[in-house]
Amino acid sequence: MSAEIHKQFIPYEPKAGEEYMNPQQHAHFRKILEDWKAELSQDIDRTVHTMQDEATLFADPNDRASQESDMALELRNRDRERKLIKKIDETIANIESGDYGYCESCGVEIGLKRLEARPTATLCIDCKTLDELREKQVAK
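Residues numbered from 1 in each chain as written. Predicted model: local features only at pLDDT ≥ 70, side-chain atom pairs only at ≥ 80, totals over all residues. Heavy atoms only, no water.

Each helix and strand counted, the chain has 4 helices and 0 strands in total. The order of α-helices and β-strands along the chain, N terminus first, is α-α-α-α. Residues classed as buried in the chain amount to 30% of the 140 residues present. Taking all contacts inside the chain whose residues are at least 6 apart in sequence as the whole, residues at least 24 apart take part in 58%. When the accessible surface of the chain is summed, it comes to about 9,600 Å², and 51% of that surface belongs to carbon and sulfur atoms. (Helix = DSSP H or I, 4+ residues; strand = E, 2+ residues; numbered from the N terminus. Buried < 20%, exposed > 50% of the residue type's maximum accessible area, 1.4 Å probe, protein only. Contact = heavy atoms within 4.5 Å. Areas by Shrake-Rupley, 256 points an atom, 1.4 Å probe, with all protein chains shown as cover.)

Given below as C-alpha cells:
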C-alpha cells in the first residue's frame, strides 16, 4: 500500500449466506476509507504547519542544502498522499455507484480480505498479478 492504514479496524465477518457487497459491507469499507482519508489529511496539514514553522534561513550552505533536501522529500511524500486521497475519493464514488468490490478488468469479486488489506484495490489478485507480469516484461 502506498501509505499504511494506521488506525485499527475490526475485520468484517460475513454471516453465512450473506450477499457480497451488501450495504453493511459498503458501510464497513466506507468507514475504513473515510478514516484513512482523514488521517492522511491531518498528516498533510501537520506537514504544512511544520514546514512553515521550520522555514529558517541558514547561513551555512550545508545546513541550508540539508533543510531543502528534507523539505523536498517531505513534499514528495505529501504529494503521494494527495494522490492517494484522490484515489480514496474515487473508491468512495465506486461504493456509491455499486461498482466497489468487483475487478474492473474481469468483473469477479475482489474479496473482503484483499479489500481490507488494500481498500482501494480495483483488480482481483489474478488480474493484478497479470498486470505486474506485463509491467515487468515491458521494463526489460
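Charged atoms that come close allow side chains of opposite charge to pair. Under the defined criterion, the tally for this structure stands at 8 salt bridges. Ionic pairing is found between Lys 37 and Asp 89, a salt bridge with its closest N-O pair at 2.7 Å. With Lys 37 in helix α1 (residues 23-54) and Asp 89 in helix α2 (residues 61-97), this pair connects stretches of sequence that are 52 residues apart. On the basis of relative accessibility, which here comes to 27%, the residue Lys 37 falls in the partly exposed class. (Salt bridge = Lys/Arg side-chain N within 4 Å of Asp/Glu carboxyl O.)

The next thing to look at is the side chain of Arg 114. With respect to the helices, strands and loops of the structure, Arg 114 is situated in helix α3 (residues 112-117). Setting aside chain neighbours within four positions, we find Arg 114 in contact with Ala 121, Leu 123, Cys 124, Ile 125 and Lys 128.

What follows covers the nonpolar core. Formed by 23 residues in total, the largest nonpolar core has its most connected members in Met 21, Phe 29, Ile 88 and Leu 115. When residues of this core are traced back to their parent elements, those giving at least two are α1, α2 and α3. With 6 residues, α1 is the largest single contributor of residues to this core. If near-sequence neighbours (up to four positions away) are discounted, Ile 88 is found in contact with Leu 33, Trp 36, Lys 37, Leu 40 and Thr 120. (Core = buried A, V, L, I, M, F, W, Y, C linked by side-chain atoms within 4.5 Å.)

Inspection of the entire model under this criterion finds 2 aromatic pairs. Plain terms: the ring middles of Tyr 20 and Tyr 102 are 5.3 Å apart, the flat faces sit at 85 degrees to each other, and that makes the pair edge-to-face. With a gap of 82 residues between them, Tyr 20 in the segment before α1 and Tyr 102 in the loop between α2 and α3 connect regions that are remote in the sequence. (Phe/Tyr/Trp six-rings, centres within 6.5 Å; stacked < 30°, edge-to-face > 60°.)

To continue, consider the environment of Pro 11. Counting through the fold element by element, Pro 11 comes out in the segment before α1. Since its relative accessible area comes to 41%, Pro 11 is described here as partly exposed. When the C-alpha positions of Pro 11 and His 28 are compared, they lie 8.8 Å apart, and in sequence the two are 17 residues distant. The contact partners of Pro 11, leaving out residues within four places of it in the chain, are His 28 and Glu 116.

Attention shifts here to the confidence of the model for the chain. The predicted model of the chain averages 87 in pLDDT, with 88% of residues at 70 or higher. When mean pLDDT is taken per element in the chain, α3 scores highest with 96 and α1 scores lowest with 86. (pLDDT = per-residue confidence, 0-100.)

Attention now moves to unusual backbone geometry. When glycine is set aside, most residues are seen to have a negative phi, and most peptide bonds are trans. The backbone phi angle of Met 21 is positive, close to 55 degrees, even though this residue is not glycine. Among the secondary structure elements, Met 21 is positioned in the segment before α1. For Met 21, a relative accessible area of 8% gives the class buried.

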